[in-house]
Amino acid sequence: MAGSPTGIGARVRRKEDPRLITGAATYTDDIQLPGMLYAQMVRSPHAHARIVGVHKEDALAVSGVVGVYTFDDLKDAFKAPLPCGWAAYPHLKNPPHWPLATGKVRHVGEVVAVVVAHDRMAARDAAELVRVDYEPLPAVVDLEDALNPASPRVHDELADNVSFTFDFASPGVEEAFRTAEVTVKQRYYQQRLVPNAMEPRAVVADYRPRTGELTLWSSTQIPHLLKIFLSGLLGVPEHQLRVVAPEVGGGFGSKLQVYPEEVAVAALAMRLGRPVKWTMERREEFVSTHHGREGFVDMEFAARRDGTITGIRVNWVADMGAYNLLNGPYVPILGFIVMPGPYRNKNLEVHIKGVFTNKTPTDAYRGAGRPEATFFLERTMDLLAAACGLDPVEIRRRNLIRKEEFPFTTATGLTYDSGDYHLSLDRALEIVGYDRLREEQARRRQQGGKLLGIGISTYIEACGLAPSQATAGSAYGAHLYESAEVRVHHTGKVTVFTGSSSHGQGHETAWAQIVSDRLGIPLEDVEVVHGDTARGPLGLGTYGSRSLVVGGTALYKALDKIRDKARMIAAHKLECHPDDIEFGESKLYVRGAPDRAVAFADIAAAANLGSHAGVPQGMEPGLEATVFFSPENFSFPAGAHVCVAEVDPDTGKVQILRYVAVDDAGVIVNPLLAEGQVHGGIAQGIAQALFEELRYDENGQPLGASLMDYAVPTAADLPDFESHFISVPATSNPMGAKGIGEAGTIASTAAVVNAVVDALSHLGVRDIEMPLTPPRVWRAIQKAKGGR
């Protein structure tokens, strides 16, 4: 710590917000280039159909239309199908997925053709005139139907609709269930969710035929990864390919992808030799941006009568949709690795099947497998508590890993490095007033009227994706590092080039705070550059709560190098040993003699210009450093969330009265940013629990695929969130940070459903399928009462 008031731990407002809230920011759709053309996608209205013919004549007759392009027109530009990052997994079937459909369409919204015109409206009008002859085929929509060998196959070349299988069993599971004093079993459904980032996806591609240079602007979470993949997909050498992620208005995993439109628009720019822009309409978001979650699980616990868990069995069927996307198959496997949760049980058996259906493909959505795993685990904890006659808090206390047991290696092989799970639970219960709430619950049950429920969720998260040693040795086959370059200018101002790319998290503020903390300079003296593959070192993207833990650590270590060199220069100027130099506010000084100091700006000038009394003999000029950081372990945020909900038994309406979150994110760089992440995450978890669901009819047609019908909650639907932190530093990085981007989502869905079921448990309600809409809650009450 350099004594900066804006360093690590300071509650400072975001540097990037003034331009974002005044309309001064530049998003992809704001980009205008001379001679630019506009693309409009022609999408399949069928879930499953053979393409018999594409008739372009009417569209080509529209004034301003440049061309209409199908797969056959662009196939020479496509050097490979769209990537699946886990294609090397031995139990994965990975049929080709091309940017434009060829031969068949396999979900509503799949791109069949692209119209290019001189203006956006002409492209849109012409797209409606492209006539495609389809031969409709039976669609596979339901997951259990998809597993039936007699069902139609999504991909003709495969023997069935199973995309992959994953099986794991620790040695003691069979014995645990054979000797169990208590067992509980429940099937849970995870409904399909649509990410709906505020900024729809957009792409601009600009190709310079004379030089062979291709620049692509995209609202992506992974500009560097996208560049790597595009190079292979289009055959453009990496040194002639630049990807820029300008301002990106949210992602939540949905922009962690290589999308058909990104490849097609780039191919068209290369074909036409002119810039091409495509911007998604909101309706397209519902059928072409990847979806999250959908699947079901059969969960079974074995336990002793005192509530000690002795074994867990999981059978998980996950919907991949029509194709394997970049990380789709890995999502449930990421859930598997945290399936032990914060509990001591080491007997675990997990079987996962990924299944193809004729629906929009699924992939990572905030939490990516970890919210699902936490939901299955935490719901079953409550069922086990009831079976053992214990309070939901007590069953957790008896099974949580104790503080003195860290480091703790789980059944799935993870080693949790640090934590204090009992402390976070106790803090949450104290803040919410748990005992008083139980008294009020009992009183309400006697008096009649609205019922009260208290839901607990104690969670663990594996963040900082990922240990490079593990990912390099897995089917992924690559390290997951991050990088940072620090350049100290001769005036003492600093530019940070980071491989991490922000899409709303506040990187520019947090990164500047780390610099301010380590060098003692003001925030306004720090510029953070990100999201441009031509301007910064390689980074592997923002997802999995990894930016601070991996990218921030790369910056921290680069600053260590800057500090070492600055100390040597200061010691040279102050005639002391470098070990005696301390960093203060905009200066370096001799320990114990703060008046013997030199300004940081003078150190920077000396290093860069050599004109201020110079530097030590033989020292290389300049004050810059670049570091690539490759993590050796995940980080493990954890916490306890408590939801207090009121249920109207006459209508089934649920109202959340209070929501208390106590999270351990390790060392927090900026509490304001952390609280914002927790608030947003909880909102998305509540949305799944109570509001959101995209359903399909039996023909594979999405129902409610617009914001007029899909129930994204508003601020008026949500309570004030009470966010608190404990801090048990991580040992896997020098900052002690654990990450906080997804914790709210991971914990909250289970907490909310547990609260509602708790409110109705005395009536005999055991479970309610999400989302817990008033009709579903009301029907569960009536069923428990013996009604219909």
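Scroll up to find the structure this text is about.
Residues numbered from 1 in each chain as written. Predicted model: local features only at pLDDT ≥ 70, side-chain atom pairs only at ≥ 80, totals over all residues. Heavy atoms only, no water.

Time to look at the overall build of the chain. Across its full length, the chain carries 21 helices and 30 strands. Based on the C-alpha atoms only, the size of the chain along its principal axes is roughly 90 × 70 × 50 Å. For the chain, with 788 residues in total, the buried portion stands at 63%. In the chain, of all internal contacts separated by at least 6 residues, the share reaching a separation of at least 24 is 79%. (Helix = DSSP H or I, 4+ residues; strand = E, 2+ residues; numbered from the N terminus. Buried < 20%, exposed > 50% of the residue type's maximum accessible area, 1.4 Å probe, protein only. Contact = heavy atoms within 4.5 Å.)

This brings us to the packing of helix α11 (residues 370–388) against helix α12 (residues 392–399). Relative to each other, α11 and α12 sit at 110°, their axes nearing to 8 Å. Relative to α12, the element α11 lies roughly perpendicular. Contact residues: α11 offers Glu378, Met381, Asp382, Leu384 and Ala385, while α12 offers Pro392, Ile395, Arg396 and Asn399. Residue composition of the contact of α11 with α12, grouped by class: 5 nonpolar, 1 polar and 3 charged. (Axes fitted to C-alpha atoms, helices over the stretch in contact; angles between N-to-C directions. Parallel < 35°, antiparallel > 145°, perpendicular 65-115°, else oblique. Nonpolar A, V, L, I, M, F, W, Y, C, P; charged D, E, K, R; others polar.)

Owing to its 3.6 residues per turn, the α-helix aligns residues three or four sequence positions apart on the same side. Here α11 is 19 residues long and its end C-alpha atoms lie 27 Å apart, about the 27 Å a rise of 1.5 Å per residue gives. Along α11, 17 of the 19 residues are buried, which leaves the element largely enclosed by surrounding structure. Following α11 by one or two positions, Gly389 has its phi on the positive side, about 70°. (Expected span 1.5 Å × (residues − 1).)

So, about the sheet that holds strand β22 (residues 581–584). Spatially, 3 strands are ordered β22-β23-β24 in an open sheet, and the strand pairing comes out antiparallel. The open sheet is flanked by β22 and β24 (593–599), the only strands paired with a single partner. Along the sheet, successive strands turn relative to each other by an average axial angle of 35°, direction set aside. Running over the sheet, helix α18 (residues 600–609) touches β23 (587–590) and β24 and is turned about 45° from β24. (Pairing = 2+ DSSP bridges.)

One finds Met299, Phe301, Val314, Ile337, Leu384, Leu760 and Val777 to be the most contacted residues of the largest nonpolar core, which totals 132 residues. Looking at which element gives the most residues to this core, the answer is helix α20 (residues 743–760), with 12 residues. Not counting the four nearest positions on each side in its chain, Val777 is found in contact with Val647, Gly652, Val654, Val756, Leu760, Ile768 and Leu772. Listed in part, the 52 residues of the second largest apolar core include Ala10, Ala512, Leu548 and Val549. (Core = buried A, V, L, I, M, F, W, Y, C linked by side-chain atoms within 4.5 Å.)

Moving on, we get to the side chain of Glu675. Looking at the secondary structure, you find Glu675 in helix α19 (residues 671–691). A distance of 3.0 Å separates polar atoms of two side chains, one belonging to Glu675 and the other to Arg11. Residues within four places of Glu675 in sequence aside, it is in contact with Arg11, Ser723 and Phe725. (Polar contact = N/O pair within 3.5 Å; in protein donor to acceptor, adjacent residues only side chain to side chain.)

Our focus in this paragraph is the pattern of salt bridges. Oppositely charged side chains can form a pair if their charged atoms are brought close together. With the rule as written, the count across this model stands at 55 salt bridges. Note that Glu378 and Arg396 form a salt bridge whose closest N and O atoms lie 2.9 Å from each other. A residue pair is termed long-range when its members are at least 10 positions apart, and Glu378 in helix α11 and Arg396 in helix α12 qualify at 18 residues. Connected through salt bridges with shared partners, the residues Arg43, Arg201, Glu261 and Glu284 form a single ionic network. (Salt bridge = Lys/Arg side-chain N within 4 Å of Asp/Glu carboxyl O.)

Turning our attention to the environment of Asp560. Mapped onto the elements, Asp560 comes out in helix α17 (residues 547–574). Measuring from C-alpha to C-alpha, the distance between Asp560 and Arg518 comes to 7.9 Å, with 42 residues separating the pair along the chain.

Right, let's talk about the sheet that holds strand β26 (residues 638–647) for a bit. The strand order across the open sheet formed by 4 strands is β18-β26-β27-β30, and the pairing between neighbours is mixed. Sheet topology places β18 (451–460) and β30 (721–726) at the edges, where each strand pairs with a single neighbour. Looking at each pair of strands side by side, their axes are set apart by 15° on average, direction ignored. Pairing between β26 and strand β27 (residues 654–664): 10 bridges, direction antiparallel. Looking across to β27, one finds that Glu646 is bridged to Gln655. Relative to the sheet, helix α14 (residues 434–447) contacts β18, β26 and β27, its axis offset from that of β18 by approximately 145°. Sheet strands in contact with α19 are β26, β27 and β30, and its direction is about 125° off that of β30.

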